[in-house]
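Commentary on secondary and tertiary structure
The chain contents come next:
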Amino acid sequence: YEKMGQYSIEVAAIKQHIIGEMFAVAELRVNYRLQLLLGKFKERILALKAAAGKGGKRAGQGGDGGCGGFLVAPEEIGNWASSLEMFHEFEGLFTLEGKHGKDSALLELSVLAGKADLTEVLVDTLMYKNDSLMASALQLLDRTFGQRRRLVR
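Residues numbered from 1 in each chain as written. Predicted model: local features only at pLDDT ≥ 70, side-chain atom pairs only at ≥ 80, totals over all residues. Heavy atoms only, no water.

1. Describing the packing of helix 1 (residues 8-53) against helix 2 (residues 74-81)
Look at helix 1 against helix 2: their axes get within 11 Å of each other, and the N-to-C directions meet at 135°. Considering their axes alone, helix 1 and helix 2 lie oblique with respect to each other. Two packed elements cross with a definite hand, and for helix 1 against helix 2 that hand is right-handed. On the side of helix 1, the interface is formed by Lys40, Phe41, Arg44, Ile45 and Leu48, while helix 2 contributes Glu76, Ile77, Trp80 and Ala81. Along the lines of polarity and charge, the residues of the contact of helix 1 with helix 2 split into six nonpolar, no polar and three charged. (Axes fitted to C-alpha atoms, helices over the stretch in contact; angles between N-to-C directions. Helix = DSSP H or I, 4+ residues; strand = E, 2+ residues; numbered from the N terminus. Parallel < 35°, antiparallel > 145°, perpendicular 65-115°, else oblique. Left-handed = near helix turned anticlockwise from the far one by under 90°. Contact = heavy atoms within 4.5 Å. Nonpolar A, V, L, I, M, F, W, Y, C, P; charged D, E, K, R; others polar.)

This is the structure:
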């Protein structure tokens, strides 16, 4: 980096811009996975409502504001959300073996980077004497390795 002389500032700016674009892709990846996860919750709620409709209590009779649907007990959703089935659905968002693995894998930064070892490049970038570039690289590393944490939040 320092051996680039007068071009070191421009190189740092270009690298920071690239890291910023990769961070935007990481945000897109989180939003895509969140959409899939919320879709699973919606499917489950609709299934529970359908089951409740076969002998359950009508909405409006239980104080839900008369929305016209069937009531779904929050504990039923909570039990499903903490179930092994939901765990596998959640983990499937991050692996190629999951139902949406191929789509999700296309948004992986390592796939987008091609043959380059993105982690190695970002760790190397942490050693540059440019605070904003270092901060950008650290933020992207945190996002890359904190995908699950970000989605849960």
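Still to come is the rest of the account.
2. Side note on helix 6 (residues 118-125)
Of all the residues in helix 6, the buried ones are Leu118, Leu122 and Thr125. An end-on view of helix 6 places all buried positions within 55° of arc, on one side of the element. (Buried < 20%, exposed > 50% of the residue type's maximum accessible area, 1.4 Å probe, protein only. Arc of directions from axis to C-beta.)

3. Considerations on the pattern of salt bridges
Overall, the coordinates contain four salt bridges when judged by the stated rule. For Glu89, the salt bridge identified is with Lys40, shortest N-O distance 3.6 Å. You can see Glu89 sitting in helix 3 (residues 84-92) and its partner Lys40 sitting in helix 1, a full 49 residues away along the chain. Given the relative accessible area of 11%, Lys40 is considered buried. In this structure, Asp142 and Arg149 form a salt bridge, with 2.8 Å as the shortest nitrogen-oxygen distance. Overall, Asp142 belongs to the partly exposed group, its relative accessible area being 41%. Taking relative accessible area as the criterion, Arg149 reaches 41% and is therefore assigned partly exposed. Put simply, Lys40, Glu43 and Glu89 are held in one network by salt bridges that share partners. (Salt bridge = Lys/Arg side-chain N within 4 Å of Asp/Glu carboxyl O.)

None of this, on its own, says anything about what the molecule does.
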